[in-house]
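Secondary and tertiary structure notes
Residues per chain are reported as follows:
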Amino acid sequence: MRLRRPSGWFAFALSALGWMVALTLVWSKVSPWTSWPVAELSQVVLEQTAPMWVRSIHSELGKMEVETTVEMPVQDAGGRLGELSVEADPGRYAYGLPIFLALLFAARLRGRAGQALLGYLLLLPAQVFSLTMFVLIQIVLYAKTSAEVLKVPHWQIEAIVYGYQVGALVVPTLVPIMLWLWIDKKFFIEVVAPGMRAHLVAPAGSAAEPVPLSQEVLQPMLQTLSAEAVTEQTPLRGAVRPDSEPTTRLTRQQEESLISSDAAAALPKRRSDTL
């Protein structure tokens, strides 16, 4: 498969965002037709997995109605019981299709028509799972999670609750992205991943480049440094070093006078008698 590289991963992200907005608007108009297989497959799954609850299922474009055998008290009916009926939109969790198509078209690869059809078919099981979990959780909620009313073990009710959380929060968005990564794995490895890695590593590993100095600024600095170096290496003749104290030379007579005065000061004074 021949690749045509876009300008970068950032351009790919902007293109995917634009395609996603445009395709979502288109999908909102054609969803009743594109989601019709989801309703038909969900009908089969519900009849096979929950026959004790499902009495009949009627589906049409954009709507699926499930009539159950679960009896609930009817309000303002004198305590009479009625069978629960659940309505669902087959395209409720099918918005993963425009997400997948947006990523596919933003990659700008050849053969997108065949890949789009393949992705549409592979997304159907995930959409059926989400829709089935939605119908089952509605039955459980209307029955107030009562195992006696539903006539099933309590662990099955807990499994339905967890399955609904996965089918409503994780599957619709994660599955189309994973499917695109599987189909366009080569494009992701060669184009998207290197661009994202370079964008994340470059700010931390890049160092600031030195700013070059012009000749007008550099020449006075060199002259000043040279003058200071010459001054420190050749002291002036006759100059007194700051760390040395000036010395005074004494004459011989001054030295003898100082010695005699020190000796006289050391002798004891003579005591004079008073007449």
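See the structure above.
Nothing here was measured: the structure is a model prediction, and the numbers come from that model. (Residues numbered from 1 in each chain as written. Predicted model: local features only at pLDDT ≥ 70, side-chain atom pairs only at ≥ 80, totals over all residues. Heavy atoms only, no water.)

**Here we look at a nonpolar patch on the surface**
A contiguous nonpolar patch, built from Phe129, Val166, Leu169, Val170, Leu174 and Met178 and spanning about 530 Å² of accessible area, is present on the exposed surface. The element contributing the most residues to the nonpolar patch is helix H6 (residues 154-183), with 5 residues. If you trace the backbone, Leu169 turns up in helix H6. With relative accessibility at 64%, the residue Leu169 sits in the exposed group. (Patch = residues over 30% accessible without salt bridge, like charges linked within 9 Å, V, L, I, M, F, W, Y side chains within 5 Å. Areas by Shrake-Rupley, 256 points an atom, 1.4 Å probe, with all protein chains shown as cover. Salt bridge = Lys/Arg side-chain N within 4 Å of Asp/Glu carboxyl O. Helix = DSSP H or I, 4+ residues; strand = E, 2+ residues; numbered from the N terminus. Buried < 20%, exposed > 50% of the residue type's maximum accessible area, 1.4 Å probe, protein only.)

**Looking at the packing of helix H1 (residues 9-34) against helix H3 (residues 96-106)**
Their axes nearest at 8 Å, the elements H1 and H3 cross at an angle of 140°. By the angle between their directions, the pair H1 and H3 is classed as oblique. Considering the relative orientation of H1 and H3, their crossing is right-handed. Across the interface between the two elements, Phe12, Ser15, Ala16, Trp19, Met20, Leu23, Thr24 and Trp27 from H1 touch Leu97, Pro98, Ile99, Leu101, Ala102, Leu103, Phe105 and Ala106 from H3. Per-class residue counts for the contact of H1 with H3 are 14 nonpolar, 2 polar and no charged. (Axes fitted to C-alpha atoms, helices over the stretch in contact; angles between N-to-C directions. Parallel < 35°, antiparallel > 145°, perpendicular 65-115°, else oblique. Left-handed = near helix turned anticlockwise from the far one by under 90°. Contact = heavy atoms within 4.5 Å. Nonpolar A, V, L, I, M, F, W, Y, C, P; charged D, E, K, R; others polar.)

**Quick word on the packing of aromatic side chains**
Inspection of the entire model under this criterion finds 3 aromatic pairs. Here the aromatic rings of Trp19 and Phe105 are separated by 5.0 Å at their centres, their planes lie at 65°, and the arrangement is edge-to-face. Placement of the pair is Trp19 in helix H1 and Phe105 in helix H3, with a sequence separation of 86 residues. (Phe/Tyr/Trp six-rings, centres within 6.5 Å; stacked < 30°, edge-to-face > 60°.)

**A short note on the nonpolar core**
Trp53, Met64, Val135 and Leu150 are the most contacted members of the largest nonpolar core, which has 55 residues in total. For this core, the element with the most residues is helix H4 (residues 112-142), which contributes 13 residues. (Core = buried A, V, L, I, M, F, W, Y, C linked by side-chain atoms within 4.5 Å.)

**Focus: the environment of Leu103**
Position of Leu103 relative to the elements: it lies in helix H3. Considering only alpha carbons, one finds Leu103 and Ala13, 90 residues apart in sequence, at a separation of 8.6 Å. Each residue touching Leu103, except ones within four places of it in the same chain, is listed here: Phe12, Ala16, Ile177 and Trp180.

Nothing here speaks to function; it is all geometry.
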